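Observations on the three-dimensional arrangement
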Amino acid sequence: MTLSRKTRSRLLSWGMVLPALLTIAGLILFPILYTLNLSLTDTSGPASAGPAPYNGFENYAAALTDTNRFWPAVWRTALFTLGALSLELVLGISIALLLRRPFRGDKAIRTVIMIPLVTSPVAVGAVWLLMLDPNIGFVNNALGRLGVEPQGWLTSPSQAFGTLIAIDVWQWTPLIVLIMLAGLAGLPEDPEEAALIDGANAWQRIRHVTLPLLRNTIIVAAVLRGIDALKTFDLIYATKGPGGGSSNEAETLNVYVYGLSFDYMEYGLAAAILVLFFVFVLAAAVITVRRSTKEF
């Protein structure tokens, strides 16, 4: 049986990319399958020669019935994500609209705005940790000159979580600005010109023309940044340390899993929480997309 030239070309093409596809699939599937298997075992303590016994869904039951650490960490993760994402979207879209039209010095302003985006989250956490130090921090010293008492921005259980959200907004709002500027650059000008001729003011043009045209861009930005915010670990660890603070006031799921794995060596339970976390992230992404498509 003789294969046609088109068939041989197609088989050759698949043969060239198949090793790469198998490698990528293995790199993705193996950690997932390993974590699923680990979550069904009683693996804990230092590494031993023999495999840990399977315990079924006991780890999942233990996590879902834990009202002291697991569920508070879930709510903090959701609150951190919703708070940071909402502020970043509002600020990012607003700044992008202000920077949409060229003006003198706009390139310099864009460069300054993007600086937090290219900085490592660990470095950002370390810098803000020094700036917000209750005793030697620049922020409290500046407030002291204005007659305001020093604040425990990252040390007070009542202020730490909000401060972390503010730091995250400071760092990642430029990402939303960048995505929105790219979306705005591709919008047609005819609808806005027609609205202007019809007598619509600036807010009406933004609300009824620009934002609906930006819908898909906003959805993409919300999903990408939302998933990334759900996985925030380095910023919290750099500023609050393991446990999310002395009273776990900033302990999200990522910080909790880190503590279970490296402090308590409860690997099976940590793997089960990671699987649940994956389900939460997937559900959040689906809900965000479905809700966003109904907006505007």
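Residues numbered from 1 in each chain as written. Predicted model: local features only at pLDDT ≥ 70, side-chain atom pairs only at ≥ 80, totals over all residues. Heavy atoms only, no water.

Comments concerning the overall build of the chain
Across its full length, the chain holds 13 helices and zero strands. Counting from the amino terminus, the chain carries its helices and strands in the arrangement α-α-α-α-α-α-α-α-α-α-α-α-α. Relative to a compact globule of 296 residues, whose C-alpha radius of gyration would be 19 Å, the chain shows 24 Å and is clearly more extended. In the chain, once contacts between residues fewer than 6 apart in sequence are set aside, the share between residues at least 24 apart is 67%. Of the roughly 17,800 Å² of accessible surface on the chain, a fraction of 67% belongs to carbon and sulfur atoms. Here the chain carries 21 positive and 20 negative side-chain charges, and the mean point of each set is 13 Å from the other. (Helix = DSSP H or I, 4+ residues; strand = E, 2+ residues; numbered from the N terminus. Rg over C-alpha atoms; globule rule 2.2 N^0.38 Å. Contact = heavy atoms within 4.5 Å. Areas by Shrake-Rupley, 256 points an atom, 1.4 Å probe, with all protein chains shown as cover. Lys, Arg positive; Asp, Glu negative; His and termini not counted. Charge placed at Lys NZ, Arg CZ, Asp CG, Glu CD.)

Regarding the environment of Met-114
Along the chain, the position of Met-114 falls in helix H4 (residues 106–114). Taking the C-alpha atoms as reference, Met-114 lies 8.8 Å from Gln-171; in sequence the two are 57 residues apart. When neighbours within four sequence positions are excluded, Met-114 is seen to be in contact with Pro-174, Val-177 and Leu-178.

Comments concerning the nonpolar core
In this structure, Ala-96, Val-177, Met-180, Leu-214 and Ile-218 are the most contacted members of the largest nonpolar core, which totals 20 residues. Secondary structure elements with two or more residues in this core: helix H3 (70–98), helix H7 (160–185) and helix H10 (215–230). Apart from residues lying up to four places away in sequence, Val-177 is in contact with Gly-92, Ile-95, Ala-96, Leu-99 and Met-114. Ranked by size, the runner-up nonpolar core spans 18 residues in total, among them Tyr-60, Val-74, Leu-230 and Ile-273. (Core = buried A, V, L, I, M, F, W, Y, C linked by side-chain atoms within 4.5 Å. Buried < 20%, exposed > 50% of the residue type's maximum accessible area, 1.4 Å probe, protein only.)

Observations concerning unusual backbone geometry
In this model, Met-265 sits at a positive phi of 55 degrees, which is unusual for a non-glycine residue. Its place among the elements puts Met-265 in the loop between helix H12 (253–262) and helix H13 (267–293).

So, the side chain of Gln-171
Looking at where Gln-171 falls in the secondary structure, it is placed in helix H7. With near-sequence residues (within four places) excluded, Gln-171 lies in contact with Pro-116, Leu-117, Thr-119, Ser-120, Pro-121 and Val-124.

Looking at the packing of helix H8 (residues 190–197) against helix H9 (residues 202–213)
In contact at an axis separation of 10 Å, H8 and H9 are set at 170 degrees when each is read in the N-to-C sense. One finds that H8 runs roughly antiparallel with respect to H9. Counting all contacts with H8, which are made through Pro-191, Glu-192, Ala-195 and Leu-196, the residues of H9 involved are Arg-205, Val-209, Thr-210 and Leu-213. Here the residues of the contact of H8 with H9 are counted per class, giving five nonpolar, one polar and two charged. (Axes fitted to C-alpha atoms, helices over the stretch in contact; angles between N-to-C directions. Parallel < 35°, antiparallel > 145°, perpendicular 65-115°, else oblique. Nonpolar A, V, L, I, M, F, W, Y, C, P; charged D, E, K, R; others polar.)

So, the packing of aromatic side chains
One pass over the structure, following the stated rule, counts ten aromatic pairs. On the basis of an interplanar angle of 75 degrees and a centroid distance of 5.1 Å, the ring pair of Phe-70 and Trp-71 is categorised as edge-to-face. Overall, Phe-70 belongs to the buried group, its relative accessible area being 1%. Classification of Trp-71 by relative accessible area gives partly exposed; the value is 24%. One aromatic cluster is present, built from ring pairs that chain together Phe-233, Tyr-237, Tyr-258 and Phe-262. (Phe/Tyr/Trp six-rings, centres within 6.5 Å; stacked < 30°, edge-to-face > 60°.)

Things to note about the pattern of salt bridges
For the structure shown, the criterion picks out seven salt bridges. Where Arg-225 meets Glu-88, a salt bridge forms, and the shortest distance between an N and an O atom there is 2.9 Å. Here Arg-225 is found in helix H10, whereas its partner Glu-88 is found in helix H3, with 137 residues between them in sequence. A single burial state applies to Arg-225 and to Glu-88, both of which are buried. (Salt bridge = Lys/Arg side-chain N within 4 Å of Asp/Glu carboxyl O.)

So, H9
An ideal rise of 1.5 Å per residue puts 16 Å on twelve residues; H9 measures up with 15 Å between its terminal C-alpha atoms. Packing partners of the buried residues in H9 comprise H3, H7, H8 and H10. The backbone nitrogen of Trp-203 lies 3.2 Å from a side-chain oxygen of the residue at the head of H9, namely Asn-201. (Expected span 1.5 Å × (residues − 1). Polar contact = N/O pair within 3.5 Å; in protein donor to acceptor, adjacent residues only side chain to side chain.)

Concerning the packing of helix H5 (residues 121–131) against H7
Packed helix pairs are specified by the crossing angle of their axes together with the interaxial distance, meaning the distance between the axes. It is at 11 Å that the axes of H5 and H7 come closest, and there the two elements cross at 135 degrees. The orientation of H5 with respect to H7, classified from their angle, is oblique. Crossing of H5 against H7: the hand is right-handed. In contact with Pro-121, Val-124 and Trp-128 of H5, H7 contributes Ile-167, Trp-170, Gln-171 and Trp-172. In terms of residue class, the contact of H5 with H7 is made up of six nonpolar, one polar and no charged. (Left-handed = near helix turned anticlockwise from the far one by under 90°.)

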